[in-house]
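This is what each chain is made of:
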Amino acid sequence: MKRLIVSDVSGTVTDLEEGAAEFNRRFVQALTRVMQVCARDVASEVEEAMRFMDTTPHLNGWVVDGEVVAPATADPYVRMRTAAGLVLDLHNLMLNPSRREAWLDRIFAETRAGLPAVFKDDALPYLACLDRHGARFMSNTGADEARSWFNQLVEIVRSEAGAALLSRWFGWSDAETLDSVLDMLASCKERVHGEAGRQMVEPMLQVCVPELTIPGLERPVLLHRARYHRFLQQLLHEAEAKWSDLWVVGDIWELDGALPWVLGATVVMIDNGVMPDYERHWLARQERIHITETLTGARKILFG
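Figured I'd write up the structure that's included with this text. This is a predicted model, so every value here is computed, not measured.

A short note on the overall build of the protein chain
Piece 1. When helices and strands are counted, the protein chain shows twelve helices and ten strands.
Piece 2. Relative to the compact-globule value of 19 Å for 304 residues, the protein chain shows a C-alpha radius of gyration of 20 Å, a close match.
Piece 3. Viewed in the frame of its principal axes, the protein chain has a C-alpha envelope of about 60 × 50 × 30 Å.
Piece 4. The buried share of the protein chain, reckoned over its 304 residues, is 54%.
Piece 5. Of the contacts made within the protein chain by residues no fewer than 6 positions apart, 69% connect residues no fewer than 24 positions apart.
Piece 6. Summed over its atoms, the accessible surface of the protein chain is roughly 14,200 Å², and 51% of this surface lies on carbon and sulfur atoms.
Piece 7. For the protein chain, the separation between the mean place of its 32 positive charges and that of its 44 negative charges on side chains is 2 Å.

Okay, here's the thing in structure tokens:
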């Protein structure tokens, strides 16, 4: 069987929690400027909104063009963005949906800009295995931004700390090993594809059903994501593969896994500790879906 592996990068190979504190601090500053109140009060209201979201993951979500496209707690950045919206609701500010979404998108981009990419501890052996099998990597950002994350990993590998990583995962840290890992990262970087469009809900006539219903979730999982469909279809065309040959690795079911799974792909979900209970219980009962908490676990699922 000709298998094509497509792996998400942000939140799947990188650890978003590492940059969450600085991201949240910057976002609170932006909220404070809009609300013109004490930053301490805004931070307190954001924390309260997050506690509410954490206890009601089935009620809140990441809104794009008026549609909920993923749980509000899907990752720390989405969590902060959604909490900011709840705080604006509390103060009856920016009630025009289009204006609010545009503002949140702008602040999200500005706040994330410049934050370092922190790769998970077991990222290197995962990337090495995927590289040997010709995997592709996807991101909702532009390809250049996603490739810059790999550049940051290259700098770490070249550093003194990198020697310890190479020794741990590859048995030794000599010049030959370093060159091999650098070549591997360069190869991975060449196969990064940006603008996957997984968050965009658009009509896809005669492709698949428009939505899934999951017990415990009070809204449907929206499947008509035409940009993501075209994105994956192009990769399949280049690999001369079918949907049943596709394996997708990601950390957010509604963004990464739902559409390709419905079309016949196998999905490996990385649970970063924020997967809602209703979602985990449903996914665990389905065929062609695997759940693991680590990239090491994903390697074992993919390659045995």
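Read on, since the account is not over.
Some remarks on unusual backbone geometry
Piece 1. Even without being a glycine, D65 presents a positive backbone phi close to 50°.
Piece 2. The residue D65 is located in the loop between β2 (61–64) and β3 (67–71) in this model.
Piece 3. Non-glycine residue M94 carries a positive phi angle of around 50°.
Piece 4. Among the secondary structure elements, M94 is positioned in the loop between α3 (76–90) and α4 (97–112).

Quick word on the layout of surface pockets
Piece 1. Within this model, the largest pocket holds a volume of roughly 600 Å³.
Piece 2. Lining the largest pocket are 28 residues, and of these W62, F108, R112, N140 and Q199 sit closest to its centre.
Piece 3. Counting residues per element, the ones that place at least two in the lining of the largest pocket are β2, α3, α4, α6 (143–158) and α10 (253–262).
Piece 4. Looking at the lining of the largest pocket, the element that brings in the most residues is α4, giving five residues.
Piece 5. The residue makeup of the lining of the largest pocket, split by class, is twelve nonpolar, five polar and eleven charged.
Piece 6. The calculated volume of the second largest pocket comes to roughly 320 Å³.
Piece 7. V63, R81, G85, R100 and L104 are the residues nearest the centre of the second largest pocket, which is lined by 15 residues in total.
Piece 8. Those elements that provide at least two residues to the lining of the second largest pocket are β2, α3 and α4.
Piece 9. With five residues, α3 is the largest single contributor of residues to the lining of the second largest pocket.

Observations regarding helix α2 (residues 39–55)
Piece 1. Here α2 spans 25 Å end to end across 17 residues, near enough to the 24 Å set by a 1.5 Å rise per residue.
Piece 2. Every buried residue of α2 is accounted for by V42, V46, A49, M50 and M53. Projected down its long axis, α2 shows its buried positions confined to an angular sector of 100°, all on one face. Of the exposed residues in α2, those oriented more than 90 degrees away from the buried face are R40 and T55.
Piece 3. Buried residues along α2 sit in contact with α1 (17–35) and α3.

So, the packing of α1 against α3
Piece 1. The interhelical angle for the contact between α1 and α3, taken along N-to-C directions, is 20°, at an axis separation of 9 Å. Relative to α3, the element α1 is oriented roughly parallel. Here the hand of the crossing between α1 and α3 comes out right-handed. In this structure, α1 contributes E17, G19, A20, F23, N24, F27, V28, L31 and M35 to the contact, and α3 contributes P76, Y77, M80, R81, A84, V87 and L88.
Piece 2. Counted by class, the contact of α1 with α3 contains twelve nonpolar, two polar and two charged residues.

Let's talk about the environment of A146
Piece 1. As for its placement among the helices and strands, A146 is situated in helix α6.
Piece 2. Spatially, the C-alpha atom of A146 lies 24 Å from that of A163, the residues being 17 residues apart in sequence.
Piece 3. Non-local contacts of A146, meaning those with residues more than four positions away in its chain, are made with S139, T141 and V192.

Some remarks on the side chain of T12
Piece 1. Relative to the helices and strands, T12 resides in the loop between β1 (4–8) and α1.
Piece 2. Engagement of the side chain of T12 in a polar contact is seen with the side chain of D251, the distance being 3.1 Å.
Piece 3. In this view, T12 contacts S7, K120, V249, G250, D251, I270 and L295; residues no more than four positions away in its chain are not counted.

Thoughts on the nonpolar core
Piece 1. Core analysis: the biggest nonpolar cluster contains 35 residues, and L4, L246 and W253 have the highest contact counts within it.
Piece 2. Of all elements in the fold, only β1, α9 (226–239), β8 (246–250), α10, β9 (266–270) and α11 (277–283) reach the threshold of two or more residues within this core.
Piece 3. Among the elements that take part in this core, α9 stands out by supplying seven residues, more than any other.
Piece 4. Excluding anything up to four places from it in sequence, L246 contacts L4, V6, L232, L236, P260, A265 and T266.
Piece 5. Grouped together as the second largest cluster of nonpolar side chains are 33 residues, V13, Y126, L130 and C188 included.

Reading the values: the criteria
Residues numbered from 1 in each chain as written. Predicted model: local features only at pLDDT ≥ 70, side-chain atom pairs only at ≥ 80, totals over all residues. Heavy atoms only, no water. Helix = DSSP H or I, 4+ residues; strand = E, 2+ residues; numbered from the N terminus. Rg over C-alpha atoms; globule rule 2.2 N^0.38 Å. Buried < 20%, exposed > 50% of the residue type's maximum accessible area, 1.4 Å probe, protein only. Contact = heavy atoms within 4.5 Å. Areas by Shrake-Rupley, 256 points an atom, 1.4 Å probe, with all protein chains shown as cover. Lys, Arg positive; Asp, Glu negative; His and termini not counted. Charge placed at Lys NZ, Arg CZ, Asp CG, Glu CD. 1 Å grid on protein atoms, 1.4 Å probe; cavity = no way out; pocket = protein on both sides within 12 Å on 5 of 7 lines; lining within 4 Å. Points joined across faces, edges and corners; volume = space filled by probe spheres on them. Nonpolar A, V, L, I, M, F, W, Y, C, P; charged D, E, K, R; others polar. Expected span 1.5 Å × (residues − 1). Arc of directions from axis to C-beta. Axes fitted to C-alpha atoms, helices over the stretch in contact; angles between N-to-C directions. Parallel < 35°, antiparallel > 145°, perpendicular 65-115°, else oblique. Left-handed = near helix turned anticlockwise from the far one by under 90°. Polar contact = N/O pair within 3.5 Å; in protein donor to acceptor, adjacent residues only side chain to side chain. Core = buried A, V, L, I, M, F, W, Y, C linked by side-chain atoms within 4.5 Å.

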